[in-house]
Amino acid sequence: MWKYITKRVLLMLPIILGVTLVVFTIMYFTPGSPGELLAGANPDQAVIDQINHELGFDQPFHVRYFNFLKGIVTKFDFGTSYTSQRPVLDEIMSRFPRTLTLAFFSMISTAVVGISIGILSAVKQYSLLDYASTVVSMFFSSMPSFWIGMMLLLWIAMNFSWFPINGVASWKGYLLPCAALTFCNAAPLMRLTRSAMLETIRSDYIRTARAKGALEKRVIWKHAFKNALLPVVTNIGNNFRALLGGSVITETVFVIPGLGSYVITAIRSKDVPVVMGCTLFMSATFLVVILLTDILYAYIDPRVKAKYMR
């Protein structure tokens, strides 16, 4: 097992390097420069050139890319933001906890709601609960998270002062954003759980367990649910990665100063160190989530663990 983990960690390095190269290339050939944005309205070209020179933006492609990698490898330095003049790593560390908190609690609530309703729909197939949950899941699957977020702001935050309209000054500020993300992600997870449970319930070993007189609760949770977990865990891992990298719209709607909104602002201002630093940090985070998901497979399904051991 440790050999597998070591191999996956080593494979992360070229992947991260490739991601940084692609993003750096896109940012390099994107029109505009930080000097044009920082020099103010109607600036002189000499002022723009001076700002670009001070920021090192006029250096060749390979020099800038090599300096970026050198700073990370030798000093773990992600550079300095062009706009705020603060270290990029400090900016990331101050914003990432908000994004991580939003993604984590959204993932927990998504898993609880989606899995529980999916299991009930599979156990009570073709019942009123099954039909109602299917219709509701199809509705929320077709609704984008920013629309749900705005509806929550209009109907709940504007009418009940207990919910803050924007910001995350306290734990209450995470409730409505988590609810918006949960509605969108729990719907497809519920449908996936229902399909996996229906396929498992019809298996021969489930009929054998029932024939031996096992309690229905034990059959569902011990035998059926455990063997239906692999696609569910995969979906939860994908949702968590998407929440970490794609909650920028939700952060914008609820005015949450997270990492996603920070990257969007940096792209608009051509702040290359911020874009590169956030991309590298998020890529490493995504790969860690993928690794943890693969390791979790081994503890869910003994067949996967046996394959790893071989």
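Being a predicted model, the structure only gives us computed values, none of them experimental.

> Just checking my understanding: could you explain the overall build of the protein chain for this structure?
Within the protein chain, the regular secondary structure consists of 15 helices and 0 strands. Principal axes of the C-alpha set define a box for the protein chain whose edges measure 85 × 60 × 30 Å. Each of the 310 residues in the protein chain was classed as buried or not, and the buried ones make up 44%. A total accessible area of about 17300 Å² is found for the protein chain, and carbon and sulfur atoms account for 68% of it.

> Hey, could you run me through the packing of aromatic side chains in this one?
One pair of aromatic rings is described through two measures. These are the centre distance and the angle between the planes. Throughout the structure, instances matching the rule amount to 11 aromatic pairs. When the ring of Phe139 is compared with that of Phe140, the centres are 5.2 Å apart and the planes differ by 75°; the resulting orientation is edge-to-face. For Phe139, a relative accessible area of 42% translates into the label partly exposed. Connected via pairs of aromatic rings, a cluster forms that spans Phe24, Tyr28, Phe29, Phe61 and Tyr65. Sitting over the face of the ring of Phe57, Arg64 holds its NZ or CZ atom 4.4 Å from the ring centroid.

> Would you take a moment to explain helix 13 (residues 259–268) for this structure?
Note that an α-helix has 3.6 residues per turn; residues three or four places apart therefore point the same way. Residues Leu259, Gly260, Ser261, Tyr262, Val263 and Ala266 constitute the buried set of helix 13. Buried-residue contacts for helix 13 involve helix 5 (88–123), helix 12 (248–253) and helix 14 (272–300). Following helix 13 by one or two positions, Lys270 has its phi on the positive side, about 60°.

> Whenever I open this one, the confidence of the model for the protein chain confuses me. Can you help?
Low pLDDT means the predicted coordinates in that region are not meant to be read closely. Taken over all residues, the pLDDT of the protein chain has a mean of 82, while the share at 70 or more is 95%. Looking across the protein chain, the model is least confident in helix 15 (residues 302–309), with a mean pLDDT of 65, and most confident in helix 5, with 89.

> For this particular structure, what's the right way to read the packing of helix 1 (residues 2–29) against helix 14?
A pair of packed helices is characterised by two quantities: the angle between their axes and the separation of those axes. The N-to-C vectors of helix 1 and helix 14 enclose an angle of 150°; their axes lie 9 Å apart at closest approach. Of the possible angle classes, the one that applies to helix 1 and helix 14 is roughly antiparallel. For helix 1 against helix 14, the interelement crossing comes out right-handed.

> Can you help me understand unusual backbone geometry in this one?
Leaving glycine out, the prevailing phi sign among residues is negative, and the prevailing peptide bond configuration is trans. At Phe76, a residue that is not glycine, the phi angle is positive and equals roughly 50°. Secondary-structure assignment places Phe76 in the loop between helix 4 (61–75) and helix 5. Positive phi, normally seen in glycine, also occurs at Gln85, with a value near 60°. Topologically, Gln85 is positioned in the loop between helix 4 and helix 5.

> Please clarify how the pattern of salt bridges should be interpreted in this entry.
Two side chains that carry opposite charge are able to pair once their charged atoms sit near each other. One pass over the structure, following the stated rule, counts 5 salt bridges. We note a salt bridge from Arg86 to Glu91, for which the minimum N-O separation is 3.7 Å. For Glu91, a relative accessible area of 6% translates into the label buried. Note that Arg210 and Glu216 form a salt bridge whose closest N and O atoms lie 2.8 Å from each other. Here Glu216 falls in the partly exposed class, since its relative accessible area comes to 39%.

> What is the right way to look at the state of the cysteines in this model?
Cysteine pairs can be covalently joined through their sulfur atoms, and such a bond is termed a disulfide. Under the definition given, this model contains 0 disulfides. No disulfide involves Cys178; its nearest neighbouring cysteine sulfur is the one of Cys184, lying 13 Å away. We classify Cys178 as buried; its relative accessible area is 10%. We classify Cys184 as buried; its relative accessible area is 14%.

> I'm lost on the nonpolar core in this one. Help?
Within soluble globular proteins, side chains that are nonpolar tend to cluster in buried spots. Counting 75 residues, the largest nonpolar core has Ile115, Met197 and Leu259 as the members making the most contacts within it. Those residues in contact with Leu259, other than ones at most four positions away along the chain, are Ile92, Arg95, Phe96, Thr99, Glu251, Cys278, Phe281 and Met282.

Thresholds, definitions, all that
- Residues numbered from 1 in each chain as written.
- Predicted model: local features only at pLDDT ≥ 70, side-chain atom pairs only at ≥ 80, totals over all residues.
- Heavy atoms only, no water.
- Helix = DSSP H or I, 4+ residues; strand = E, 2+ residues; numbered from the N terminus.
- Buried < 20%, exposed > 50% of the residue type's maximum accessible area, 1.4 Å probe, protein only.
- Areas by Shrake-Rupley, 256 points an atom, 1.4 Å probe, with all protein chains shown as cover.
- Phe/Tyr/Trp six-rings, centres within 6.5 Å; stacked < 30°, edge-to-face > 60°.
- Lys NZ or Arg CZ within 6 Å of the ring centre and 35° of its normal.
- Contact = heavy atoms within 4.5 Å.
- pLDDT = per-residue confidence, 0-100.
- Axes fitted to C-alpha atoms, helices over the stretch in contact; angles between N-to-C directions.
- Parallel < 35°, antiparallel > 145°, perpendicular 65-115°, else oblique.
- Left-handed = near helix turned anticlockwise from the far one by under 90°.
- Salt bridge = Lys/Arg side-chain N within 4 Å of Asp/Glu carboxyl O.
- Disulfide = S-S within 2.5 Å.
- Core = buried A, V, L, I, M, F, W, Y, C linked by side-chain atoms within 4.5 Å.

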